[in-house]
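Remarks on the overall topology
Below are the chains, spelled out letter by letter.
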Amino acid sequence: MFLPRLLLGDLMPAVGRTYWLTEPCRIRREDNSVRIERPDGSPVRIPITDIRDLVVFDHVDLNTSALSLLSRNGVAVHVLDHYGNHAGHFSPAESMSSAAAVRRQVEITADAEQRLAISRSLVLATAENLRWALDTDLLDSALDALKNALPGCQSNDAIMGQEGNFRRTAWAVLDSRLPPWLRMNGRSRRPPTNAGNAFISYLNALTYARVLTGLRSTPLHPAIGFLHADTDRRRNTLALDLAEPFKPLLAERLLRRAASQKHLKESDFETDVGRASLSKDGRKKIAALVREELATTVHHRVLKRQVSYEELIHLEALKVVRLCLEGTPYKPFRPWW
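Overview of the structure. (Residues numbered from 1 in each chain as written. Predicted model: local features only at pLDDT ≥ 70, side-chain atom pairs only at ≥ 80, totals over all residues. Heavy atoms only, no water.)

**Details of unusual backbone geometry**
Excluding glycine, a negative phi dihedral is what most residues carry, and trans is how most peptide bonds are arranged. Rule in force here: Each helix corresponds to a stretch of at least 4 residues labelled H or I by DSSP, and each strand to a stretch of at least 2 residues labelled E; elements are numbered beginning at the N terminus. To sort residues, take the accessible area from a 1.4 Å probe on protein chains only and compare it with the maximum for the residue type: under 20% means buried, over 50% means exposed, and anything in between is partly exposed.
The omega torsion across R190 and P191 is 0 degrees, close enough to zero to call that bond cis. Tracing the sequence through the fold places P191 in the loop between α5 (156-175) and α6 (195-216). A positive phi angle, near 55 degrees, is found at D31, a position not held by glycine. Non-glycine residue K304 carries a positive phi angle of around 60 degrees. For K304, a relative accessible area of 63% puts it in the exposed group.

Below, the structure is given as structure tokens:
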């Protein structure tokens with residue numbers, strides 16, 4: 001069957017912006033606009049055509065009329081819980097998934113050799129990106145050990161075990177560059193146990209949400225993945241996979257920068273015995289940091305134009321489309337700047 005060659009610039013995201021809802025609010029429909037009613041009583045009206053997706057950090061009251069409007073216009077809603085986990089999302093009923101692309105996704109993920117090769121490449125790229133984000137040679141020996149171990153890994157569990165070894169070393173190095181109150185002291189989740197872990201959890205969830213939104217404008221099915229297919233059956237595993245190489249760019253790198261610039265304060269977090277989360281002001285700061293970072297642009301060597309970090313995430317999804325429809329080998333994202 002002939003399939004036209006897919007260009008990197010094809011299937012770009014629909015016009016619209018991401019709106020970050022960091023405070024409790026009500027969302028209502030008002031003609032062809034969304035009306036957001038805030039605690040201070042001042043409503044904000046946004047034309048539906050201006051919205052790409054909504055990211056909710058706090059309690060939201062959303063009725064069926066508003067949901068219907070969002071669905072008809074392809075707008076997704078991502079919900080983060082109190083501790084920064086991706087609690088769930090509302091996905092529009094209509095999807096761009098195509099039978100040809102999904103069939104190939106299933107075939108590739110069912111082929112153990114292909115699936116493991118992609119899983120290894122994702123873990124290696126993520127480790128190299130984390131080394132790049134921390135900008136240190138202290139990770140060189142751990143990275144070499146990972147490179148030597150991955151070819152012998154014959155299961156996703158083994159691959160992720162090697163990834164875990166590398167990440168523990170990397171997080172220890174990151175801790176050495178953070179003030180004591182912001183150190184992770186080992187990765188903890190559900191809930192995060194301290195401020196550093198709370199920061200990473202929120203940023204990882206936001207990265208996952210950005211990838212999910214990017215996948216919605218491709219013919220791929222977000223639940224058919226490679227690396228996480230056998231280890232996480234509750235979430236969209238392709239979104240988890242493609243989020244991996246971007247986490248160092250949007251999580252550890254931002255934590256290191258925010259600490260060095262003293263952008264974060266202890267009051268930006270709410271801490272209790274064995275658990276921590278962002279405060280109201282902390283959520284606002286995080287949203288501002290991520291918005292600014294996603295809007296950062298770099299010169300793309302193939303497209304020969306400036307692209308934002310947000311667009312890089314969408315282009316990553318298109319690489320998997322090309323793998324499925326053209327057989328072009330998938331090479332995970334690595335920063336080139």
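**A word on the sheet that holds strand β4 (residues 43-47)**
Put simply, the test is: A strand pair is defined by DSSP finding two or more bridges across the two strands. Here the axes come from fitting lines to C-alpha atoms, over the contacting stretch only for helices, and the angles between their N-to-C directions go from 0 to 180 degrees.
If you walk across this open sheet you meet the four strands as β4-β3-β2-β6, and the pairing is mixed. Looking along the sheet, the strands with just one partner apiece sit at the ends: β4 and β6 (60-62). Averaged over all pairs of adjacent strands, the angle between strand axes in this sheet comes to 25 degrees, irrespective of strand direction. Where strand β2 (residues 25-30) lies against β6, three bridges are found, and the strand directions are parallel. The residue of β6 that forms the bridge with C25 is V60.

**Regarding the pattern of salt bridges**
Rules: Whenever Lys or Arg places a side-chain nitrogen within 4 Å of a carboxyl oxygen from Asp or Glu, that contact is recorded as a salt bridge.
Throughout the structure, instances matching the rule amount to 27 salt bridges. Of the charged contacts, one joins R52 and E310 as a salt bridge, the two residues approaching to 3.2 Å between their closest N and O atoms. Taken as a pair, R52 in strand β5 (residues 51-56) and E310 in helix α10 (residues 309-326) lie far apart in primary sequence, 258 residues in all. Like E310, R52 is buried. With a closest N to O distance of 2.5 Å, E107 and R104 form a salt bridge. Note that E107 and R104 are positioned in helix α2 (residues 99-110) at a spacing of three residues, about one turn of the helix. By relative accessible area, E107 is classed as partly exposed at 44%. Using a relative accessible area of 28% as the deciding quantity, one classes R104 as partly exposed. Through salt bridges that share partners, R26, R28, E30, R35, E37, R45 and D61 make up one connected network.

**As for the packing of aromatic side chains**
Stated precisely, the cut-off is as follows: Stacked, edge-to-face and tilted labels apply to pairs of Phe, Tyr and Trp rings (six-membered ring for Trp) whose centres lie within 6.5 Å, assigned for plane angles under 30 degrees, over 60, and everything in between, in that order.
Counted under the stated rule, the structure contains eight aromatic pairs. Look at W336 and W337: their rings are 5.0 Å apart centre to centre, the planes differ by 90 degrees, and that puts the pair in the edge-to-face class. Assessed through its relative accessible area of 27%, W336 is described here as partly exposed.

**A word on helix α8 (residues 247-260)**
The line we're drawing: Multiply 1.5 Å by the residue count of a helix minus one, and that product is the helix's expected span.
Taking 1.5 Å of rise per residue, the 14 residues of α8 would be expected to cover 20 Å, and the 19 Å separating its terminal C-alpha atoms lies within 8% of that figure. α8 sits mainly inside the fold: 11 of its 14 residues count as buried. Taken together, the buried positions of α8 are K247, P248, L249, L250, A251, E252, R253, L254, L255, A258 and A259. Taken from the residues just after α8, K262 is the one with a positive phi, measuring 55 degrees.

**Side note on the packing of helix α3 (residues 112-134) against α8**
Describing two packed helices takes the angle between their axes plus the distance from one axis to the other. What counts, and what does not: Any angle from 65 to 115 degrees is called roughly perpendicular, while one under 35 is roughly parallel, one over 145 is roughly antiparallel, and all others are oblique. Handedness of a helix crossing follows the sense of rotation of the near helix relative to the far helix, less than a right angle counterclockwise being left-handed and clockwise being right-handed. In what follows, residue pairs with any heavy atoms lying within 4.5 Å of each other are defined as contacts. Three residue categories are used. Nonpolar comprises Ala, Val, Leu, Ile, Met, Phe, Trp, Tyr, Cys and Pro, charged comprises Asp, Glu, Lys and Arg, and polar comprises the others, including Gly.
Running from N to C, α3 and α8 point in directions that differ by 25 degrees, and their axes come no closer than 9 Å. Compared by their axis directions, α3 and α8 come out roughly parallel. Handedness of the crossing formed by α3 with α8: right-handed. Facing α3, whose interface residues are T126, N129, L130, W132, A133 and L134, α8 presents P248, L249, E252, R253 and R256. Here the residues of the contact of α3 with α8 sort into six nonpolar, two polar and three charged.

**Digging into helix α1 (residues 64-72)**
Residues A66, L69, L70 and S71 constitute the buried set of α1. Buried positions along α1 lie against β2, β3 (33-37), β5, β6, β7 (76-80) and β8 (86-90). Phi turns positive, to about 70 degrees, at G74, one or two residues after α1.

**Section: the nonpolar core**
Here is the rule: Only buried residues count toward a nonpolar core. Its members are Ala, Val, Leu, Ile, Met, Phe, Trp, Tyr and Cys residues joined through side-chain atoms within 4.5 Å.
Among the nonpolar cores identified, the biggest contains 79 residues, and F166 and F199 are the most heavily contacted of them. When residues of this core are assigned to their parent elements, the largest contribution, 12 residues, is made by α6. The residues contacting F199, other than those within four sequence positions of it, are A251, L254, L255, L264, F269, I286 and L289. Of all hydrophobic cores here, the second largest spans 16 residues; its members include I27, V34, L69 and L70.

**Overview of the pairing of strand β12 (residues 305-308)**
Both strand β11 (residues 297-300) and β12 contribute to a ladder of four bridges, which runs antiparallel. Across the sheet, residue H300 finds its bridge partner in β12, namely R305. Here β11 hands over to β12 after four residues, with K304 in that stretch at a positive phi of 60 degrees.

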